[in-house]
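# Chain and residue survey
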Amino acid sequence: MKVQFLLLASVLSCSAVWAADEAKTDPVTEDGVVKIVWQNPKDFRDIKSSGEIQSRYEQRLFDTLTTNINKEAAKVLKPNQKLELTVTDVDLAGDMRPTFGATADDLRVIKEIYPPRMTFSYQVLENDKVIIAGDEKLSDMGFMTGIQPLNDKPFNYETKMLSDWLKKTVAPKL
């Protein structure tokens, strides 16, 4: 009887953990006129942290990109318009390299051969009516060319890529 009870309790606790995992939703970040759904971030190509707890790093990435694209979108969109994105893949600029015990953390090495990439669908809403929609696969192969201002802002390459997309793709359609 005691074994059966323990077995039943074990099955119930595993079911509760499984149900809690299933109930997890994709992270959503909103700021001003921008709303971004980060769909299945565990499947993203490269959003690996270097020296920070992975979940905190991801949240900082999502918040930073949402805030930065909101600043640009506010300049482009009319007051009654909103931009919504559903991001399905992110590959941050650079590549993670192991330090082989020199430090506890891997390092992100930024080189031209590791450009930022992002895949998403988007829609621009005006009074809750879709006026523009599309799918994008962005990649900034020239992210290190030209004059580079001294800038230590996090996720600068990804922010620039999204800002350029907004100016070149969305703004002309409005």
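Attention here is on the structure that accompanies the text. As the structure is a computational prediction, the values presented were derived from the model and not from experiment. (Residues numbered from 1 in each chain as written. Predicted model: local features only at pLDDT ≥ 70, side-chain atom pairs only at ≥ 80, totals over all residues. Heavy atoms only, no water.)

Our next topic: the layout of surface pockets. Of the pockets and cavities examined, the second largest pocket occupies roughly 240 Å³. In terms of lining, the second largest pocket is formed by Thr64, Asn68, Lys71, Glu72, Lys153, Pro154, Phe155, Asn156, Thr159, Lys160, Ser163 and Lys167. Of all the elements in the fold, those that place two or more residues in the lining of the second largest pocket are helix H2 (54-76) and helix H3 (156-173). With 5 residues, H3 is the largest single contributor of residues to the lining of the second largest pocket. Its residues assigned to classes, the lining of the second largest pocket shows 2 nonpolar, 5 polar and 5 charged. (1 Å grid on protein atoms, 1.4 Å probe; cavity = no way out; pocket = protein on both sides within 12 Å on 5 of 7 lines; lining within 4 Å. Points joined across faces, edges and corners; volume = space filled by probe spheres on them. Helix = DSSP H or I, 4+ residues; strand = E, 2+ residues; numbered from the N terminus. Nonpolar A, V, L, I, M, F, W, Y, C, P; charged D, E, K, R; others polar.)

Here the phi dihedral of Asn40 falls at roughly 50 degrees; this positive angle occurs in a residue that is not glycine. Within the secondary structure, Asn40 sits in the loop between strand S2 (34-38) and H2. We classify Asn40 as partly exposed; its relative accessible area is 34%. Positive phi values are uncommon outside glycine, yet Phe155 reaches one of about 60 degrees. Looking at the element boundaries, Phe155 is found in the loop between strand S7 (129-139) and H3. (Buried < 20%, exposed > 50% of the residue type's maximum accessible area, 1.4 Å probe, protein only.)

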